[in-house]
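Understanding the architecture of this molecule
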There are 2 protein chains.
Amino acid sequence: MQWAKVLGLVVGAAALLGLGIILGHFAIPKAPSTSTPQDLDLEILETVMGQLDASKIRENLRELSKEPHLASTPRDEELVQLLLQRWRDPESGLDSAVTSTYEVLLSFPSQEQPNLVEVVNSDGNILYSFQPGEENVTGEQTGPDVVQPYAAYGPPGTPQGLLVYANQGTEEDFKLLQSQGVNLTGTIALTRYGGAGRRAKAVNAAKHGVVGVLVYTDPGDINDGRSLPNETFPNSWGLPPSGVERGSFFKYFGDPLTPYLPAFHSSFRLDLNNISGTPPIPAQPIGFQDAKDLLCNLGGASAPVTWQGALGCVYKLGPGFLSDGNFPEDSQVKVSIYNHLELRNSSNVLGIIRGAVEPDRYVLYGNHRDSWIHGAVDPSSGTAVLLEISRVLGTLLKKGTWRPRRSIVFASWGAEEFGLIGSTEFTEEFFSTLQERAVAYINVDISVFANATLRAQGTPPVQSVIFSATKKIDAPGRSGLSIYDNWIQYFNRSSPVYGLIPSLGSLGAGSDYAPFIHFLGISSMDLAYTYDQSKTSARIYPTYHTAFDTFSYVDKFVDPGFSSHQAVARTAGSVLLRLSDSFFLPLNISDYSETLRSFLQMAEQGLRAQLEEHNIRLGPLVTAVEKFETAATALNQYISTLQNGNPDPLQVRAVNDQLMLLERVFLNPRAFPEERYYSHVLWAPRTGTVATFPGLANAYSKAQDTSPGSEAWAEVHRQLSIVVMAVEGAAATLRPVADL
Amino acid sequence: MQWAKVLGLVVGAAALLGLGIILGHFAIPKAPSTSTPQDLDLEILETVMGQLDASKIRENLRELSKEPHLASTPRDEELVQLLLQRWRDPESGLDSAVTSTYEVLLSFPSQEQPNLVEVVNSDGNILYSFQPGEENVTGEQTGPDVVQPYAAYGPPGTPQGLLVYANQGTEEDFKLLQSQGVNLTGTIALTRYGGAGRRAKAVNAAKHGVVGVLVYTDPGDINDGRSLPNETFPNSWGLPPSGVERGSFFKYFGDPLTPYLPAFHSSFRLDLNNISGTPPIPAQPIGFQDAKDLLCNLGGASAPVTWQGALGCVYKLGPGFLSDGNFPEDSQVKVSIYNHLELRNSSNVLGIIRGAVEPDRYVLYGNHRDSWIHGAVDPSSGTAVLLEISRVLGTLLKKGTWRPRRSIVFASWGAEEFGLIGSTEFTEEFFSTLQERAVAYINVDISVFANATLRAQGTPPVQSVIFSATKKIDAPGRSGLSIYDNWIQYFNRSSPVYGLIPSLGSLGAGSDYAPFIHFLGISSMDLAYTYDQSKTSARIYPTYHTAFDTFSYVDKFVDPGFSSHQAVARTAGSVLLRLSDSFFLPLNISDYSETLRSFLQMAEQGLRAQLEEHNIRLGPLVTAVEKFETAATALNQYISTLQNGNPDPLQVRAVNDQLMLLERVFLNPRAFPEERYYSHVLWAPRTGTVATFPGLANAYSKAQDTSPGSEAWAEVHRQLSIVVMAVEGAAATLRPVADL
């Protein structure tokens, strides 16, 4: 016994010593940083820009989109291995690559019982049955791995009823139907994509007694009206008549059963029988070919002009069919849904380059890996770019030519299509580490919708770095024009500070940046190349979430030559390098002044009078915004003073922490108790009509019609105080660090 | 107009330029830090220890306790000015001193209608009326500024009923009374201090139909039984018969009307008519002289032995009086309470020394300023020490001999006696700045209860720095013995890591450290000198919260010569210097391993079997704790490797951030939704009996008697997952910073 103990101690001590030696070896640079601090190296930047190779992106895309890779399927797992192998490659890999796997709740159609949409007559005989999926026009639309169209998280059920047409399925649409005397009770509502979110259509429908919802893509909304086979893929980029947009009908993001907890096998899970956020009634997406058979045979009054589409007939409201149509008047539509929920393992892949000087500062770059089917555009066009950027940087790293000042974390997220699940679980698992250390998050999901112009979304601090990067990169197919110069022609705004500049969109919850900005308060951006909105009214690229989103589709119609992919790779790569290598973080926090000022002005124009009637004053908010503006200007002054001097690395670190952490200050986990994850007081969803601070706008729109002293008016005041506290707190973090 | 504009621009530009120059001037050190980093200077430390002067502390105390200084009264404001003047003194002041003022809800007795406790007979005639306050034994117990005894935040009302004796007013006490057949409905309950919190006595009483509560201090609990005038102050440190402990009966801490928001004039406030956390029935504290007249005349069965006290008679239960006592049997007790709530301005005073190298790292040191009356012990003994430490450091600063590596923030909090209000509002106003930058919080409230030994409370990371400091300081009156050597004789435990060491108490919510540790997750400590528990059973120092807590009381009985005050000043001063000046932060995070391990063991012994019956497994918690231990050990190894090398300042900064931020990782704002401010998953209040993680212990004690699958058992699993996530997150932040 004694011997064993002694031996144990010796071994333990040896292990610790070894560990210490290893740590020491890796953690202490051979030569401590010298007087000239590591900063962005423009030659390296040029090298990287030059080495980002369009043909390699094309090869990546071919491989990534070769097979359908729905989340948690064998092919999805194969791609996990592909990413690991690339990021562990001895010539072009990163310092390390790992997977993290979560057990998450996904939703699938039944293999045995396909979902059905049928027209049945009064005797219950089936008159017409809809095609179960896309027509096999390129040989890639059928097969065991092509998931049939379904509404993910839509409940099973077999509702049957007369058909009505409900336009986009918004609250207003259903109200209009009722005002027209259409009896909605027990009906099946046919809606078109757009206007309201997928689940919202079902929620609004259920409120009015509708028992089942169909949703289709109108050629007027996606194909600029074109609907004939010869006008669509494979003959053009248009959506074929049989194309069906799949999608998640879940309200929130993240694993539905483990909100605020990483979805480990052992984690606490909500009761499956009362998950919140799923649609209340069965739903099914269909193609416009099937929709046409229904819509063009529908009876009842004509739908309003704005409800009409491009199916080549006058859309009517129903209920029920035309007396002289293809179906007997009293025929009903039967929707048979056999979706089921299932706990599945889904993995993220993380690849890390250790920072040379500030390894404890992370620049994150990510995209999801999972698709609905082949997902050539969504998401593989982004993953193809991600892999090319990591290859080029990995090669410089392995050659020993370069190591970033800060750490770089590449991520391939799982199960995004079901609701940003992989990225959300990641932010839950590493909440504290990221909150303390993450400088920014770069998201490139669909990298190329089309090849006309850059489109960028992000929070104000990232505007400056995107501008600097894009001014130095040539726009594809526009010789002599920079991406910036091209961009400003398509999306621009007049800034009170800068004059005419490209306009950055704000971040919703459309991709994996959502948990980073809304839950963690990390400055985030989403980058892509897209189309000329003056040339097409398409809601999104036509084959979105269909079996036609394939490699040949991208290669022939979206980006022949892949020069737009290359442009996005250069833009994202340059932004990534600038954030990871610059001595001073290239985040211009004073660009938040513009946002705050405009939110304030909207509040003053749209709310001041009404608030004052309830003794709620905007004065403190005015003061707070002024304090922010002063502190931001002074900080920028101080930064230039430092830049012109010979600053101590710790002084610059302190300033960089102010820049990095500003976004965090706008978080308040108690601001929106009813919203899951949303806690950023500037970017939470705004349902109120006044374009000001969302909490204030929303509380006001709820209080508007209530009596003075109501709880709703108290909430308006509470929301105002929350905003004042956030802006005051933001100003405080920007002031000289030894002031309170 | 144009001219005005141009002029405006010019002036604006000039102002900014000026601001820039000023910032540049102050922010850029004349000479950037050289190769040898600033570290703790033992000579400076010795100088400070030597200059901390007992007689100056005595003079501070005389001045501070000269007049009563209840929160928000004119004398409280005078002391605000005194602190400002000291901290702005050109010879011994700090870099800057400011006040921050909040509009907070306080509670006071009526000036016009004093609260009354009377015995009335069946005809309603007053037989006996109680003395309104303390006897004027030293000439300091009366006067307009001596607030009469009252239960702060207790509601007004004039309940009347038969008297019962309810011991300490715990739930068990009232259950026992009922089991004895005592009809509590409509009674007035006499309780003694101790056992349950002030408000808890009233809550428990109201549950059983009691309409009013009296609370007194039994000489057995405070004077070791002595109760005669000649045995008590001014003849000894004992509590005189007329002494009454005042106190707050509010449940939460912070301003009652603005939870989670700084209490600015314009801030949103809860509706006065439904504040939560105040006592449900009128309450009044009384002295033991009055209590004796009641208790020794009470009828009914004898109270249990454990309920007996030192009033020199057998305590009975009531209801009603003895047939042969001073009052007719059916006499009732009438309690007339005229307390009112009032919004008052209360100020904090903040004094700042800017750090030379890491000004964006704060070491905070604070105490409250407000007292109930003269408050010589509580809190002025702490403020006297605070002022002496700031004088000594300020003098070195103004002489140019010393400037700390990190910033030091001294704080004098307002309105602590009403519920830690000033400190809580401060943490709300500066939440983000403190979350990002605060290294630790040192609290010295009552600095000397008595002069036997040091008593320290804190979270594990501060143990090491307190030990290092106290080993180097002589214990007062124990020649040759260090404070550490003396301390270990009074409070000790056997640590699996260190063997026999002084035992640190854990932090509740007894003073201003509460918002720092529970709401902000800042490593905190509370330091004081106290008595020998083997020599007295006093609950606390006898004149606590009475009009007898005066300068002469301290000078004659608590600490003649002020050597214990000096010892606390040296201990707190040394800890402060070590935290603000050490190159490597002296926080030993691996001391958290011991806590986690013991919480885990208690869970395994006390819960494992029961949890497994409900399919809740401790395995993931075991793994998480092991990961933490490994990461903590490895980090300490890495730190020693760095210490033996020539580390880059940024490497040390990264390590220090890991040490500083560990405490934050244990916060989860969603862990305890029903608790206000508490979010630290290790130190939240534990009501459950198993000495393990509080959320787990409490959820288990609620679930115990519920059926499998109950919501209560789900909450047990949720709490376990929250703990696992916190410990996993803690391990992650301690791992090498470029690992995820």
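Residues numbered from 1 in each chain as written. Chains lettered and ligands numbered in written order. Predicted model: local features only at pLDDT ≥ 70, side-chain atom pairs only at ≥ 80, totals over all residues. Heavy atoms only, no water.

- As annotated in an unreviewed UniProt entry, chain A is Aminopeptidase NAALADL1 from Castor canadensis.
- Comment text from UniProt for chain A, heading Subunit (unreviewed entry), reads "Homodimer."
- Per its UniProt entry, chain A bears the Cofactor (unreviewed entry) comment "Zn(2+)". (UniProt positions renumbered as here; feature names shortened; annotations may be inferred.)

1. What to know about the overall build of chain A
- Across its full length, chain A carries 22 helices and 19 strands.
- For 740 residues, the compact-globule estimate of 2.2 N^0.38 gives 27 Å, and the C-alpha radius of gyration of chain A, at 27 Å, lies within 12% of that figure.
- Expressed as lengths along the three principal axes of its C-alpha atoms, the size of chain A is roughly 85 × 75 × 65 Å.
- A total of 740 residues make up chain A; the buried ones form 62% of that total.
- Summing over all exposed atoms, chain A offers an accessible surface of approximately 25900 Å²; the carbon and sulfur share of this is 53%.
- Each charge class in chain A was averaged separately, 55 positive and 76 negative side chains, and the resulting centres sit 5 Å apart. (Helix = DSSP H or I, 4+ residues; strand = E, 2+ residues; numbered from the N terminus. Rg over C-alpha atoms; globule rule 2.2 N^0.38 Å. Buried < 20%, exposed > 50% of the residue type's maximum accessible area, 1.4 Å probe, protein only. Areas by Shrake-Rupley, 256 points an atom, 1.4 Å probe, with all protein chains shown as cover. Lys, Arg positive; Asp, Glu negative; His and termini not counted. Charge placed at Lys NZ, Arg CZ, Asp CG, Glu CD.)

2. Here we look at the sheet that holds strand E6 (residues 163-165) of chain B
Residue and element names in this part refer to chain B.
- Here 4 strands make up an open sheet; going across it, the order is E6-E7-E8-E10 and the pairing parallel. Edge positions in the open sheet fall to E6 and strand E10 (283-286), since each of these has one partner strand only. Recorded for the sheet is a direction-independent mean angle of 25 degrees between the axes of neighbouring strands.
- Each of strand E7 (188-192) and strand E8 (212-216) is contacted by helix H6 (residues 198-207), which is oriented at about 145 degrees to E8, the strand it contacts most. (Pairing = 2+ DSSP bridges. Axes fitted to C-alpha atoms, helices over the stretch in contact; angles between N-to-C directions. Contact = heavy atoms within 4.5 Å.)

3. A look at the environment of Val 622 of chain B
Residue and element names in this part refer to chain B.
- With respect to the helices, strands and loops of the structure, Val 622 is situated in helix H19 (residues 619-643).
- With a relative accessible area of 17%, Val 622 lands in the buried category.
- Measuring from C-alpha to C-alpha, the distance between Val 622 and Tyr 544 comes to 44 Å, with 78 residues separating the pair along the chain.
- When neighbours within four sequence positions are excluded, Val 622 is seen to be in contact with Leu 600, Glu 604 and Arg 608.

4. With respect to the UniProt feature "domain: PA" (unreviewed entry) in chain A
- Summarizing the sequence annotation, UniProt attributes the feature "domain: PA" (unreviewed entry) to residues 161-247 of chain A in the numbering used throughout.
- For the annotated span residues 161-247 of chain A, helix accounts for 26% and strand for 17% of the residues, and the straight-line distance between the end C-alpha atoms is 24 Å.

5. Regarding the UniProt feature "domain: Transferrin receptor-like dimerisation" (unreviewed entry) in chain A
- Following the UniProt record, the feature "domain: Transferrin receptor-like dimerisation" (unreviewed entry) maps to residues 617-735 of chain A here.
- The span residues 617-735 of chain A is 64% helical and 0% strand by assignment, and the distance between its end C-alpha atoms comes to 26 Å.

6. Brief notes about the relation of the copies chain B and chain A
- Of the two same-sequence chains, chain B is brought onto chain A (RMSD 0.1 Å, axial shift 0.0 Å) by a rotation of 180 degrees. Those values place the two copies in the arrangement expected of a two-fold rotation axis.
- Interface residue correspondence from chain B to chain A reaches 100%, placing this contact among same-surface, isologous pairings. (Least-squares fit on C-alpha atoms with pLDDT ≥ 70 in both.)

7. Remarks on the side chain of Thr 232 of chain B
Residue and element names in this part refer to chain B.
- Mapped onto the elements of the fold, Thr 232 is located in the loop between helix H7 (219-222) and strand E9 (247-248).
- Overall, the relative accessible area of 0% leaves Thr 232 in the buried class.
- Filtering out sequence-adjacent residues up to four positions away, Thr 232 remains in contact with Asn 223, Arg 226, Ser 227, Gly 238, Leu 239, Pro 240 and Pro 241.

8. Structural notes on the side chain of Ser 242 of chain A
All names here are of chain A.
- Tracing the sequence through the fold places Ser 242 in the loop between helix H7 (219-222) and strand E9 (247-248).
- The class for Ser 242 is buried, based on a relative accessible area of 3%.
- Aside from chain neighbours lying at most four places away, what touches Ser 242 is Gln 131, Gly 133, Glu 134, Glu 135, Gln 289 and Phe 548.

9. Observations concerning the packing of aromatic side chains
- Inspection of the entire model under this criterion finds 84 aromatic pairs over all chains.
- Through pairs of rings, three or more aromatic residues link up here, namely Phe 108, Tyr 150, Tyr 153, Phe 250, Tyr 252, Trp 372 and Phe 418 of chain A.
- The ring of Tyr 260 of chain B carries Arg 670 of chain A above its face, with NZ or CZ at 4.0 Å from the centroid. (Phe/Tyr/Trp six-rings, centres within 6.5 Å; stacked < 30°, edge-to-face > 60°. Lys NZ or Arg CZ within 6 Å of the ring centre and 35° of its normal.)

10. With respect to the pairing of strand E16 (residues 453-458) of chain B
- In terms of burial, E16 of chain B is largely enclosed, as 6 of its 6 residues are buried.
- Of the two faces of E16 of chain B, both are covered, the one formed by Thr 453, Arg 455 and Gln 457 of chain B as well as the one formed by Leu 454, Ala 456 and Gly 458 of chain B.

11. Structural notes on H6 of chain B
Residue and element names in this part refer to chain B.
- Those residues of H6 that fall on the buried side of the exposure criterion are Arg 198, Lys 201, Ala 202, Asn 204 and Ala 205. Buried residues of H6 fall within an arc of 165 degrees about the axis and therefore sit on the same side.
- Turning to H6, the residues buried within the fold contact helix H5 (171-179), E7, E8 and E9.
- Two residues or fewer past H6, Gly 209 is found with a positive phi of approximately 90 degrees. (Arc of directions from axis to C-beta.)

12. A look at the interface of chain B and chain A
- Across the contact, 71 residues belong to chain B and 71 residues belong to chain A.
- Buried surface at the junction of chain B and chain A, summed over both partners, amounts to about 6200 Å²; 69% is from carbon and sulfur atoms.
- Viewed at the interface, chain A and chain B are joined by 4 salt bridges.
- At the boundary of chain B and chain A, one finds 10 residue pairs in polar contact (both at pLDDT 80 or more).
- Ranked by residues supplied to the side of chain B that touches chain A, first place goes to helix H20 (residues 649-665) of chain B with 9 residues.
- In terms of residue class, the side of chain B that touches chain A is made up of 39 nonpolar, 18 polar and 14 charged. (Buried area = accessible area lost by both parts, 1.4 Å probe. Salt bridge = Lys/Arg side-chain N within 4 Å of Asp/Glu carboxyl O. Polar contact = N/O pair within 3.5 Å; in protein donor to acceptor, adjacent residues only side chain to side chain. Nonpolar A, V, L, I, M, F, W, Y, C, P; charged D, E, K, R; others polar.)

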